[in-house]
Amino acid sequence: MTPTSTFAVVTGTVADLGYRLDAERRAGRSVGVVLTMGALHDGHASLIGRAVAECDVVVVSVFVNPTQFADPGDLTNYPRTLESDLEVAGRAGADLVFVPSVTEVYPDWPVPAATQVRVSALADRWEGRSRPGHFDGVATVVVKLLAMAGRCRTYFGEKDFQQLAIVRRVVRDLSLPVEVVGCPTVREPDGLAMSSRNQRLSPAERSAAVCLSRALAAGAAAFIAGGDRAAVEATMAGVVADERLATLDYAVLVDADDLEPAESVTPDRPVRLLVAARVGPVRLIDNLDPRAGR
Ligand code: AMP
């Protein structure tokens, strides 16, 4: 445990985290948890700020989870910026930053744990198809980190919409003593969703990357104009296809709860536009509620 220049206390052990949060709860204080892989930006800060506004004590975890990377190169290239992360978390009002080692989270590492959390159907589509095993790694580490934190409210970004849906499902299915709060996507001024991966884009790729949010805006306009699923999806795909540096993975209109393709849309049924594309070496995702425009 080391106090930092930005007020948040840093801890690396499960025992110390549990001891501190149990003490807070015994004193009647509510706990907010924001799980991150570091490289913190304004999107993460907005989650922390919301948690600070709604909870008495806020813990931010910084852990690059090795089990959710299907591509080892992606894990190697993942940005690691702990000093600036502590600064961002502290400024956003976090009280505690949990930075565990890999063996603190996975005591048998590198031997895979015998117990895994797997969410059927929801984890197999979209991101799950392109990144086999990804959501098993996510669901497992989220359950572990939430178990370490104990009863809490946890804040997840809508930016990773499928992940948010999976976390909601896991918490419900496993009866975790946790309330999941979804938070809106924070964007750059030109519309690009903030992401740690954006750092890896060249200037030309960075300009091209805005095609994802433009595709969503065009898809939303087609949806509002009464277009059916095929028309909306073709509109989004067309915008990405026009961008030379981008390669589309998927552009779809889905049911916002189960993420199945939205075959028949009724006004009372929440829907979502999802898009994923590779821009240069980087795979980017984005999504939008076409009715709300955000
Ligand atoms: P990550 O560090 O990328 O695993 O993200 C940690 C949390 O921050 C997840 O709940 C993400 O959905 C959320 N997040 C990442 N980018 C954004 C963003 N641009 N706006 C809002 N939340 C975000």
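Below is a short write-up of the structure. Just so it is clear, the model here is predicted, and its values are computed rather than measured. (Residues numbered from 1 in each chain as written. Predicted model: local features only at pLDDT ≥ 70, side-chain atom pairs only at ≥ 80, totals over all residues. Heavy atoms only, no water.)

This part covers the packing of aromatic side chains. In this description, an aromatic ring pair is defined by two values, namely the gap between the centres and the angle between the planes. Considering all chains together, one arrives at four aromatic pairs under this definition. With 5.8 Å between their ring centres and 40° between their planes, Tyr106 and Trp109 make a pair best called tilted. Here Trp109 falls in the partly exposed class, since its relative accessible area comes to 36%. When the ring of Trp126 is compared with that of Tyr250, the centres are 5.5 Å apart and the planes differ by 45°; the resulting orientation is tilted. Here Tyr250 lies in strand 8 (residues 246-255) and Trp126 lies in the loop between helix 5 (102-105) and helix 6 (127-130), a separation of 124 residues in the sequence. (Phe/Tyr/Trp six-rings, centres within 6.5 Å; stacked < 30°, edge-to-face > 60°. Buried < 20%, exposed > 50% of the residue type's maximum accessible area, 1.4 Å probe, protein only. Helix = DSSP H or I, 4+ residues; strand = E, 2+ residues; numbered from the N terminus.)

Before going further, it helps to examine the sheet that holds strand 8. Pairing is antiparallel across the open sheet formed by three strands, whose spatial order is 8-9-10. Only two strands of the sheet have a single neighbouring strand rather than two, namely strand 8 and strand 10 (282-288). Going from strand to strand, the sheet's axes swing by 15° on average, the running direction of each strand aside. Inspection of the sheet shows strand 8 paired to strand 9 (residues 271-279) by nine bridges, in the antiparallel sense. Bridge pairing links Leu253 to Leu273 in strand 9. Across the sheet, helix 11 (residues 229-241) lies against strand 8 and strand 9, angled at about 155° from strand 8, the strand it touches most. (Pairing = 2+ DSSP bridges. Axes fitted to C-alpha atoms, helices over the stretch in contact; angles between N-to-C directions. Contact = heavy atoms within 4.5 Å.)

On to the site of the ligand. The immediate surroundings of the ligand are formed by 17 residues, with Met37, Gly157, Asp160, Val186 and Met194 found nearest. At a separation of 2.9 Å, an oxygen atom of the ligand approaches a polar backbone atom of Gly157. Take Met194: an N or O atom from its main chain is 2.8 Å from a nitrogen atom of the ligand. Protein contact buries 92% of the 480 Å² of open area that the ligand shows by itself. Within the residue set of the shell around the ligand, elements represented by two or more residues are strand 3 (31-36), helix 2 (42-54) and strand 6 (152-157). (Near = heavy atom within 4 Å. Polar contact = N/O pair within 3.5 Å; in protein donor to acceptor, adjacent residues only side chain to side chain. Areas by Shrake-Rupley, 256 points an atom, 1.4 Å probe, with all protein chains shown as cover.)

Between helix 2 and helix 4 (residues 82-92), whose axes approach to 8 Å, the crossing angle comes to 35°. Like other packed secondary-structure pairs, helix 2 and helix 4 cross with a definite hand, here right-handed. Contacts between helix 2 and helix 4 involve Ala45, Ile48, Gly49 and Val52 from the first element and Val88, Ala89 and Ala92 from the second. Across the contact of helix 2 with helix 4, the residue classes break down as six nonpolar, one polar and no charged. (Left-handed = near helix turned anticlockwise from the far one by under 90°. Nonpolar A, V, L, I, M, F, W, Y, C, P; charged D, E, K, R; others polar.)

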